[in-house]
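Given next are the chains, with one letter for each unit.
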Amino acid sequence: MTTVIRFVERSVFKPAPVDVLAELEEIMRRIEALRAEVTGEELAVADAQHAYAALLHLVYSGFLGQAPSSN
């Protein structure tokens, strides 16, 4: 997320070299699969991690939406 911070602080738009959104989606899929196998405190942790990954996905999607136009 340093790419987003750099954009906010210095208006430098330089996306990460990896597909961050795809990576976050994979993490969320893995957490969703794991949820069926855990209960109690582990389930609460899984839910919190999923929510965090979803938030990061939202933030990075918004960052990508700020791409300078090529006009």
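Figured I'd write up the structure that's included with this text. Just so you know, these numbers come straight off a predicted model, no measurement behind them. (Residues numbered from 1 in each chain as written. Predicted model: local features only at pLDDT ≥ 70, side-chain atom pairs only at ≥ 80, totals over all residues. Heavy atoms only, no water.)

### Re the overall build of the protein chain
What counts here: Labels follow the DSSP assignment, with helices taken as runs of H or I lasting at least four residues and strands as runs of E lasting at least two, numbered in each case from the N terminus. What the globule rule says is 2.2 Å times the number of residues to the power 0.38, and the radius of gyration is computed from C-alpha atoms.
From N to C terminus, the protein chain includes 3 helices and 0 strands. Along the protein chain, helices and strands appear, N-terminal first, in the series α-α-α. Here the C-alpha atoms of the protein chain give a radius of gyration of 15 Å, more than 25% beyond the 11 Å that 2.2 N^0.38 yields for 71 residues. C-alpha extents for the protein chain along the principal axes are approximately 50 × 20 × 15 Å.

### Details of unusual backbone geometry
In this structure, Ser11 is a non-glycine residue whose phi angle is positive, near 60 degrees. Along the chain, Ser11 turns up in the loop between helix 1 (2-10) and helix 2 (20-35).

### Some remarks on the packing of helix 2 against helix 3 (residues 40-64)
The condition that has to hold: Fitting a line to C-alpha atoms yields each axis, with helices limited to the stretch in contact; the angle taken between N-to-C directions then spans 0 to 180 degrees. We call two directions roughly parallel when the angle between them is under 35 degrees, roughly antiparallel when it is over 145, roughly perpendicular when it lies between 65 and 115, and oblique otherwise. The crossing is said to be left-handed when, going from far helix to near helix, the turn is anticlockwise and less than a right angle, and right-handed when the turn is clockwise. Two residues form a contact once any of their heavy atoms are found within 4.5 Å.
Where helix 2 contacts helix 3, the axes come no closer than 9 Å and their chain directions differ by 160 degrees. Looking at the two axes, helix 2 sits roughly antiparallel to helix 3. Crossing of helix 2 over helix 3 shows left-handed handedness. Across the interface between the two elements, Val20, Leu21, Leu24, Glu25, Ile27, Met28, Ile31, Glu32 and Arg35 of helix 2 pack against Leu43, Ala46, Asp47, Gln49, His50, Ala53, Ala54, Leu56, His57, Tyr60, Ser61 and Leu64 of helix 3.

### Comments concerning the nonpolar core
Filter applied, for reference: The criterion is simple. A nonpolar core is a set of buried Ala, Val, Leu, Ile, Met, Phe, Trp, Tyr and Cys residues joined through side-chain atoms within 4.5 Å. Classification of residues uses two cut-offs on accessible area relative to the type maximum, computed with a 1.4 Å probe and protein chains only: under 20% is buried, over 50% is exposed, and between them is partly exposed.
One finds Val4, Val20, Leu21, Leu24, Met28, Ala53, Leu56, Tyr60 and Phe63 forming the largest nonpolar core, which totals 9 residues. Elements that contribute at least two residues to this core include exactly helix 2 and helix 3. Aside from chain neighbours lying at most four places away, what touches Phe63 is Thr3, Val4, Phe7, Phe13, Lys14 and Pro15.

### A closer look at the pattern of salt bridges
This is how the line gets drawn: Counted as salt bridges are all cases of a side-chain nitrogen of Lys or Arg within 4 Å of a carboxyl oxygen of Asp or Glu.
Overall, the coordinates contain 2 salt bridges when judged by the stated rule. Between Arg29 and Glu26 there is a salt bridge, and its shortest N-O distance comes to 3.1 Å. Placement of the pair is Arg29 and Glu26 together in helix 2, with a separation of 3 residues, close to one helical turn. On the basis of relative accessibility, which here comes to 34%, the residue Glu26 falls in the partly exposed class. Residue Asp47 is joined to Arg35 by a salt bridge in which the shortest nitrogen-to-oxygen separation is 2.5 Å. Pair noted here: Asp47 is in helix 3 and Arg35 is in helix 2, with a separation of 12 residues, a long-range link. On the basis of relative accessibility, which here comes to 34%, the residue Asp47 falls in the partly exposed class.

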